[in-house]
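# Coordinate analysis (summary)
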Amino acid sequence: MNYTYEHYKKSADYILSRTSIRPEIGIILGTGLGPFAQQIENPVEIPYSEIPNFLTSSAPGHAGKFILGTIEGRSVACMSGRFHFYEGYDMEQLSIPVRVLKLLGISRLVLTNAAGAVNTGYRPGDVMIISDHIKLYGGSPMRGPNVEQFGKRFFDVSDMYTAALRDIARKCAESSPIRFHEGIYMFFPGPQFETPAEIRAARVLGADAIGMSTVTEALTAAHCGLSVLAFALITNMAAGVKKGPVGGGEVEETASKVASAFSSYMKSVISRI
Ligand code: HPA
């Protein structure tokens, strides 16, 4: 399926018709970070299912709605519930959320996810500010005919995770009880967790954390000129880093333990970017 500019615009126009908020910052919340959305003042909620041409969210722990409102006086459009490749969407469909956010008028995009740690110096409950990513798995959300209104056919991704926003994120981290790192996120398509051999390979390649989201959104944002700030909440050590299987509730469990401190941190970041 090749999408035209009008396809995305129809979704955005519908959202804008439902609220007078004109958001400057877009936020996409990862697993367990739903509670952050409760900090949005004067919220207008729009379920994805009501938006023409939009996708519907099937992943556990992902609510499936836009929430527009304000945080510390900043106008935001927050997506509670995101879309993953493993749900069956193709790479091109995964361009929809960020392009719609762009058409709502945002200039900055904040992404959060749950991730496994490859770096043995990390612990569950830590947060990694993403400085760059590795996506060797095929495909791009920008594959297919280029939609010129969003950006050029070939585009630069050498500063995707905007340095100036990371500076602010680091400063805000100083007053948070959370342990922060800055590192490289590697995309794996899922839905299976990785094998220990894949994790060893990821480490050799330079990855600090791995997960199944975020990169398609960051790439779409880079194409249409948005600044990006992305956080990986470390919910578990990756396969083979510690003994025993990955999963079994630890992802959701860690995410919910950190949700409150991470939400406060996010609030301070949003007020400064
Ligand atoms: N691997 C991939 N995705 C994840 C993980 C993991 O270990 N933890 C949370 N999301």
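Our subject in this report is the structure included herewith. (Residues numbered from 1 in each chain as written. Predicted model: local features only at pLDDT ≥ 70, side-chain atom pairs only at ≥ 80, totals over all residues. Heavy atoms only, no water.)

## A word on the overall build of the chain
Applied cut-off: Comment: elements are numbered from the N terminus, with helices defined as DSSP H or I runs of at least four residues and strands as E runs of at least two. Using C-alpha atoms as the atom set, the radius of gyration is obtained and then compared with a globule rule of 2.2 Å times the number of residues to the power 0.38. Think of it in three bands: residues with accessible area under 20% of the maximum for their type are buried, residues over 50% are exposed, and the middle band is partly exposed, with areas taken using a 1.4 Å probe on protein chains only.
Counting its regular elements, the chain contains six helices and nine strands. For the chain, whose C-alpha radius of gyration is 17 Å, the value lies close to the compact-globule estimate of 19 Å for 273 residues. With respect to the three principal axes, the spread of C-alpha positions in the chain is 50 × 40 × 35 Å. A burial count over the chain gives 58% of its 273 residues as buried.

## Re the site of the ligand
The following threshold applies: Distances are taken per atom, and a residue is near a molecule or strand as soon as one of its heavy atoms is within 4 Å of it. In protein, a polar contact means a hydrogen-donor-capable atom and an acceptor-capable atom, both N or O and within 3.5 Å, with residues adjacent in sequence counting only if both atoms are side-chain atoms; elsewhere, any N or O pair within 3.5 Å suffices. Shrake-Rupley sampling with a 1.4 Å probe provides the accessible areas, and residues are treated as covered by the protein chains on show and by no other component. We call Asp, Glu, Lys and Arg charged. Ala, Val, Leu, Ile, Met, Phe, Trp, Tyr, Cys and Pro are nonpolar, and the rest, Gly among them, are polar.
Within the structure, the ligand sits among A114, A115, G116, F193, E194, I210, G211, M212, T235, N236, V246 and V251. Contact between the ligand and A114: a nitrogen atom at 3.2 Å from a main-chain N or O atom of the residue. Contacts to the ligand include N236, whose side-chain N or O atom sits 2.7 Å from a nitrogen atom. Summarising the interface, the protein chains cover 95% of the accessible area of the ligand, which totals 260 Å² for the free molecule. Elements that contribute at least two residues to the shell around the ligand include exactly β5 (108-117), β8 (209-211) and β9 (227-237). With three residues, β5 is the largest single contributor of residues to the shell around the ligand. Its residues placed into classes, the shell around the ligand shows seven nonpolar, four polar and one charged.

## A closer look at the nonpolar core
Cut-off, in case you're wondering: Residues belong to a common nonpolar core when they are buried Ala, Val, Leu, Ile, Met, Phe, Trp, Tyr or Cys residues joined through side-chain atoms within 4.5 Å. Here a residue-residue contact requires only that any non-hydrogen atoms of the pair lie within 4.5 Å.
Grouped together as the largest cluster of nonpolar side chains are 52 residues, with contacts concentrated most on F54, F66, L101 and L109. Ignoring any residue separated from it by four or fewer positions in sequence, one finds F66 in contact with I15, V44, E45, I46, Y48, I51, F54, C78, M79, V100, L101 and L104.

## Section: the pattern of salt bridges
To keep things clear, this is the line we draw: Note on definitions: salt bridges are taken to be side-chain nitrogens of Lys or Arg within 4 Å of carboxyl oxygens of Asp or Glu.
All chains considered together, the criterion is met by 13 salt bridges. The partner of D126 in a salt bridge is R179, with the nearest N and O atoms 2.9 Å apart. Linking D126 in the loop between β5 and β6 (127-134) with R179 in the loop between α3 (163-173) and β7 (180-187), this pair joins segments that are 53 residues apart in sequence. One connected set of salt bridges, linked through shared partners, spans R166, D167, R170 and E182.

## Here we look at unusual backbone geometry
Apart from glycine, the bulk of residues carry a negative phi angle, and the bulk of peptide bonds sit in the trans form. Here G190 and P191 are connected by a cis peptide whose omega angle stands at 0°. Tracing the sequence through the fold places P191 in the loop between β7 and α4 (196-205). Despite not being glycine, N42 shows a phi value in the positive range, around 45°. You can see N42 is positioned in strand β2 (residues 41-47). What makes N42 exposed here is its relative accessible area of 64%. At T214, a position not held by glycine, the phi torsion is positive, near 75°. For T214, the location among the structural elements is in the loop between β8 and α5 (215-223).

## A word on the packing of helix α1 (residues 5-17) against helix α2 (residues 96-104)
Note the following rule: Simply put, an axis is a line fit to the C-alpha atoms, just over the touching stretch for a helix, and the angle between two N-to-C directions goes from 0 to 180 degrees. Oblique is the label for every angle not falling under 35 degrees (roughly parallel), over 145 degrees (roughly antiparallel), or within 65 to 115 degrees (roughly perpendicular). Whether a crossing is left-handed or right-handed is set by the direction in which the near helix is turned from the far one by less than a right angle, anticlockwise for left-handed and clockwise for right-handed.
At a minimum axis distance of 9 Å, the contact between α1 and α2 shows a crossing angle of 60°. As summarised for this structure, α1 and α2 are arranged oblique, according to the angle between their axes. Here α1 and α2 pass one another in a crossing that is right-handed. Contact residues: Y5, H7, Y8, K9, S11, A12, I15 and L16 in α1; I96, R99, V100, L103 and L104 in α2. Broken down by class, the residue content of the contact of α1 with α2 amounts to nine nonpolar, two polar and two charged.

## A few points about the environment of L233
Structurally, L233 can be placed in strand β9. Among the residues examined, L233 registers a relative accessible area of 0% and is labelled buried. Residues within four places of L233 in sequence aside, it is in contact with N113, A114, A115, G125, D126, V127, A255 and V258.

## Structural notes on the packing of α3 against helix α6 (residues 250-272)
Axis separation between α3 and α6 bottoms out at 10 Å; the angle between their running directions is 135°. When the axes of α3 and α6 are compared, the pair comes out oblique. Handedness of the α3/α6 crossing: right-handed. Residues I168, A169, R170, C172 and A173 of α3 touch α6, and the partners they reach there are Y265, S268, V269 and R272.

## Notes on the packing of aromatic side chains
As a reminder of what qualifies: Note on aromatic pairs: the rings of Phe, Tyr and Trp (six-membered ring only in Trp) are paired at centre separations within 6.5 Å, and the planes decide the class, stacked below 30 degrees, edge-to-face beyond 60, tilted for the rest.
Considering all chains together, one arrives at 15 aromatic pairs under this definition. Seen from their ring centres, Y3 and Y8 are 6.0 Å apart, and the 65° between their planes marks the pair as edge-to-face. Like Y3, the residue Y8 is buried in the burial classification. Ring geometry for Y48 versus F66: centroids 5.6 Å apart, planes at 80°, classification edge-to-face. Within this pair, whereas Y48 is found in the loop between β2 and β3 (65-71), its partner F66 is found in strand β3, the two being separated by 18 residues in sequence. Like F66, Y48 is buried. Each residue in the set Y48, F54, F66, F83 and Y89 is aromatic and connected to the rest through ring pairs, giving one cluster.

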